[in-house]
Amino acid sequence: MQKIRLNNPAQVRRFLNRTINQLLNGEIKSDDARCVGYLSNILLKSIETEELENRLTEIEKQMAKEGK
């Protein structure tokens, strides 16, 4: 089993692209591809949530510095 890194949306996109090609070439089962798609969606939402949290934290720090 190979290890992969999916730390950002671009990496997830490349992984999904590869998975789609594997499915179309009959290299993986549709149930496996469906599972990958489902988990990728959860991962993307998690990445998005983390990015929004980081942005909000930065805004809050800036507002605290400005005394608002």
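Our structure is the block above this text.
This text gives an overview of the structure that appears in the document.

Cut-offs and rules
- Chains are numbered independently. Their residues run from 1 in the order of the written sequence.
- Whole-chain, interface and lining totals are the exception, using all residues; otherwise, since this is a predicted model, local features are given only for residues with pLDDT of at least 70 and side-chain atom pairs are given and counted only at 80 or more.
- Hydrogens and waters are ignored; side-chain quantities use all the structure's heavy atoms.
- Runs of H or I in DSSP of at least four residues are treated as helices and runs of E of at least two as strands, each being numbered from the N terminus.
- One fewer than the residue count of a helix, multiplied by 1.5 Å, yields its expected span.
- Burial classification: accessible surface area is computed with a 1.4 Å probe over protein chains only, and a residue below 20% of its type maximum counts as buried, one above 50% as exposed, and the rest as partly exposed.
- It is the directions from the helix axis to the C-beta atoms whose arc is reported.
- A pair is scored as a salt bridge if a Lys or Arg side-chain nitrogen falls within 4 Å of a carboxyl oxygen belonging to Asp or Glu.

Looking now at helix α1 (residues 9-24). Given a rise of 1.5 Å per residue, 16 residues ought to cover 22 Å, and the 22 Å separating the end C-alpha atoms of α1 matches this to within 8%. Restricting attention to buried positions, one finds in α1 the residues Gln11, Val12, Phe15 and Thr19. One side of α1 holds all its buried residues, which, seen down the axis, span an arc of 95°. More than 90 degrees from the buried face of α1, the exposed residues found are Arg13, Arg14 and Leu24.

Position of methionine 63 relative to the elements: it lies in helix α2 (residues 30-66). Residue methionine 63 is classed as partly exposed on the basis of its relative accessible area, which comes to 40%. Separated by 15 residues in sequence, methionine 63 and glutamate 48 have C-alpha atoms that sit 23 Å apart.

Using the criterion set out here, one finds two salt bridges in the structure. The residue arginine 34 makes a salt bridge to aspartate 31 at a minimum N-O spacing of 2.7 Å. In this pair, arginine 34 and aspartate 31 both sit in helix α2, three residues apart, roughly one turn of the helix. There is no split in this pair, since arginine 34 and aspartate 31 are both exposed. In this structure, the salt-bridge partner of glutamate 58 is lysine 61, at a minimum N-O distance of 3.8 Å.

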